[in-house]
Amino acid sequence: MKKSFVGVGITLLCLTGCSTNEIQPSTVANNSQSIEQYKTIATNLEAPWAINKLGDTFYITERTGHIVKVEQGEMTRQAVKLEKTLSTASEAGLLGFVLAPDFVQSNEAYAYYTYETASEQYNRIVVLQQENDSWREKRLLLDQIPSGKYHHGGRVKIGPDQKLYVTAGDASNPQTAQDLTTLSGKILRMNLDGSIPDDNPFPHLYVYSYGHRNQQGITWSTDGTMYASEHGQSANDEINKIEAGQNYGWPIIEGEEEQEGFISPLFTSGSESTWAPSGIAFYDNKLYVAALRGTALLEFDLKSKEVKEIVNNVGRIRDVWIEENILYWITNNTDGRGTPEEKDDQLYKLEL
């Protein structure tokens, strides 16, 4: 099986002169923008997690259970009425969110949230409907996705094929990532009504790919190639090219490791550094990735294999959104692990 990975910041010269078994990771290049080159759009967000944009209007989820609407400079924090009790555990809450393709007519969106019962904690995928300045859970698509103490995954996106893709972390139980009978440690794929597509790689299963630890970002290039960002264990963070039915190795291999039957990453932070990558977006043959522990906005050049920091002075970054040549991102300094400054968290924009 084809296996490939590229260490951080390797030059194209090394790629043409070294075998894949001799790849030598190096440091991330620092090409960060000055503060004058990007602009603040919204402030005082509370642990924001996902960005959506329709026209000139932004919709941003907050882990605390709100959706913030930003329109013409005005910010409205909209309540979300859920059928289950929203979890306040570490990394949990209202996470992934994407507007339905027919949102203008239906006022519907798809969301992923962590909830608690008297004795259990799970994640679920639901349809939300906007009603005036609030939202309510309208329909359940998939329930009892394992949650655990950490590693909820949580990213929700609609692919070019108009299917719903969802990242489910390993729920702090690594061995489940290799078990096709469980939902944890997987990228899931479903029809927009919650049913299993007939062309999924494993019959009658939501599983699209497996062997993942805690993947928090997915995107597609203009030719339909899918990419995902994934947290490694302490270090060994990954940017993967995702293919249907493939096994990405966790917990058997990670980072620079290779083994027959597993797919190694396109990029890895290596064993000496960490990015904690979250949201990811594609533009002009590059991937733009939000880094939490890396406290930077990273640019991965798919052609040259270079990695650059293009912003590194706003703290933890959770999600990114690209429209035309404008890159938007949200910080995540109020999530309990950062050091918030005045007006955090914030939504920014930068012209690429």
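Please read all numbers here as calculations on a predicted model, not as lab measurements.

K.L.:
Lay out the nonpolar core in plain terms, naming residues and giving numbers.
P.N.:
Judged by nonpolar contacts, the single largest core of 38 residues is most densely connected at Phe97, Tyr110, Ile125, Leu128, Trp135 and Leu164. Among the elements that take part in this core, strand β10 (residues 108–116) stands out by supplying 6 residues, more than any other.

K.L.:
Run through the pairing of strand β21 (residues 277–283), naming residues and quoting values.
P.N.:
Of all the 7 residues making up β21, 6 are buried; the element is thus mostly covered by neighbouring parts of the structure. Where β21 lies against strand β22 (residues 286–291), 5 bridges are found, and the strand directions are antiparallel. What sits directly across from Tyr283, in β22, is Lys286. The hairpin formed by β21 and β22 contains 2 residues between the paired strands, and Asp284 there has a positive phi angle of roughly 55°.

K.L.:
Tell me about the layout of surface pockets, residues and numbers included.
P.N.:
Of the volumes computed, that of the largest pocket is approximately 560 Å³. Every residue lining the largest pocket is counted, 24 residues in all, and those nearest its centre are Val98, Lys157, Ile158, Trp321 and Ile322. Counting residues per element, the ones that place at least two in the lining of the largest pocket are β4 (48–54), β9 (94–99), α2 (103–106), β13 (156–158), β17 (215–220), β21 and β25 (317–323). Of the residues assigned to the lining of the largest pocket, the class counts are 17 nonpolar, 5 polar and 2 charged. Its volume calculated, the second largest pocket comes out at about 360 Å³. Residues of the lining of the second largest pocket, tallied by class, amount to 3 nonpolar, 9 polar and 9 charged.

K.L.:
Give a detailed account of the pattern of salt bridges, specifying residues and quantitative values.
P.N.:
Pairing is possible between side chains of opposite charge, provided their charged atoms come close. Counted by the stated rule, this structure contains 16 salt bridges. A salt bridge links Glu108 to Lys138, with the shortest nitrogen-to-oxygen separation between them at 2.5 Å. Taken as a pair, Glu108 in strand β10 and Lys138 in strand β12 (residues 134–146) lie far apart in primary sequence, 30 residues in all. On the accessibility criterion, Glu108 (10% relative accessible area) is buried. The class of Lys138 is partly exposed, set by a relative accessible area of 37%.

K.L.:
Can you tell me about unusual backbone geometry, naming the residues and giving the values?
P.N.:
Here the residue pair Trp250 and Pro251 is connected by a cis peptide bond, since its omega of 5° sits within 30 degrees of zero. Following the sequence through the fold, Pro251 ends up in the loop between β19 (238–242) and β20 (267–268). Phi angles above zero are rare outside glycine, and Glu91 is one such case at about 70°. Tracing the backbone through its elements, the reader meets Glu91 in the loop between β8 (85–86) and β9. Within the chain, Lys343 stands out as a residue other than glycine whose phi angle is a positive 80°. Residue position: Lys343 is located in the loop between β26 (326–331) and β27 (347–351). Take Lys343: its relative accessible area is 47%, and that puts it in the partly exposed class.

K.L.:
Hey, could you go over the sheet that holds strand β16 (residues 207–210) for me, with residue numbers and the actual values?
P.N.:
On the basis of which strands lie adjacent, the open sheet formed by 4 strands has the order β13-β14-β15-β16 and antiparallel pairing. A strand with exactly one partner marks an edge of an open sheet, and here the two such strands are β13 and β16. Going across the sheet, the axis of each strand differs from the next one's by a mean of 20°, ignoring polarity. In terms of strand pairing, β13 meets strand β14 (residues 164–168) through 3 bridges, oriented antiparallel. Bridged to Val156 within β14 is Val166.

K.L.:
Go over the confidence of the model for the chain, please, and point to the residues and values.
P.N.:
For the chain, per-residue confidence averages 91 on the pLDDT scale, and residues scoring 70 or more make up 90% of the total. Within the model, the stretch residues 1–27 combines pLDDT values under 50 with 58 contacts to residues more than four positions away or in other chains.

K.L.:
An account of empty space enclosed by the protein is needed here, citing residue identities and associated values.
P.N.:
Counted according to the given criterion, the structure contains 2 cavities of 30 Å³ or more. The space that makes up the largest cavity amounts to roughly 40 Å³. For the largest cavity, the full set of lining residues is Arg213, Glu230, His231, Gly232, Asn236, Glu238, Tyr248, Trp250, Ile253 and Glu254. By residue class, the composition of the lining of the largest cavity is 3 nonpolar, 3 polar and 4 charged. One number sums up the size of the second largest cavity: a volume of about 40 Å³. As for the second largest cavity, its lining consists of Trp49, Glu91, His152, Gly153, Gln216 and Arg318. Here the lining of the second largest cavity is built from residues that sort into 1 nonpolar, 3 polar and 2 charged.

K.L.:
Residue-level account of the packing of aromatic side chains, with values.
P.N.:
The tally for this structure, following the rule as stated, stands at 15 aromatic pairs. With a centroid separation of 5.0 Å and 70° between ring planes, the pair formed by Phe58 and Tyr328 is classed as edge-to-face. Of the two residues, Phe58 sits in strand β5 (residues 57–62) while Tyr328 sits in strand β26, which places them 270 residues apart along the sequence. Take Tyr328: its relative accessible area is 8%, and that puts it in the buried class.

K.L.:
Which residues make up the environment of Ile51, and what are the values?
P.N.:
Examined against the element boundaries, Ile51 turns out to sit in strand β4. On the basis of relative accessible area, Ile51 is assigned to the buried category, the value being 1%. Sequence separation between Ile51 and Trp329 is 278 residues; the distance between their C-alpha atoms is 7.7 Å. Filtering out sequence-adjacent residues up to four positions away, Ile51 remains in contact with Phe58, Tyr59, Ile60, Asp319, Val320, Trp321, Tyr328, Trp329, Ile330 and Leu347.

Thresholds applied
- Residues numbered from 1 in each chain as written.
- Predicted model: local features only at pLDDT ≥ 70, side-chain atom pairs only at ≥ 80, totals over all residues.
- Heavy atoms only, no water.
- Core = buried A, V, L, I, M, F, W, Y, C linked by side-chain atoms within 4.5 Å.
- Buried < 20%, exposed > 50% of the residue type's maximum accessible area, 1.4 Å probe, protein only.
- Helix = DSSP H or I, 4+ residues; strand = E, 2+ residues; numbered from the N terminus.
- Pairing = 2+ DSSP bridges.
- 1 Å grid on protein atoms, 1.4 Å probe; cavity = no way out; pocket = protein on both sides within 12 Å on 5 of 7 lines; lining within 4 Å.
- Points joined across faces, edges and corners; volume = space filled by probe spheres on them.
- Nonpolar A, V, L, I, M, F, W, Y, C, P; charged D, E, K, R; others polar.
- Salt bridge = Lys/Arg side-chain N within 4 Å of Asp/Glu carboxyl O.
- Axes fitted to C-alpha atoms, helices over the stretch in contact; angles between N-to-C directions.
- pLDDT = per-residue confidence, 0-100.
- Contact = heavy atoms within 4.5 Å.
- Phe/Tyr/Trp six-rings, centres within 6.5 Å; stacked < 30°, edge-to-face > 60°.

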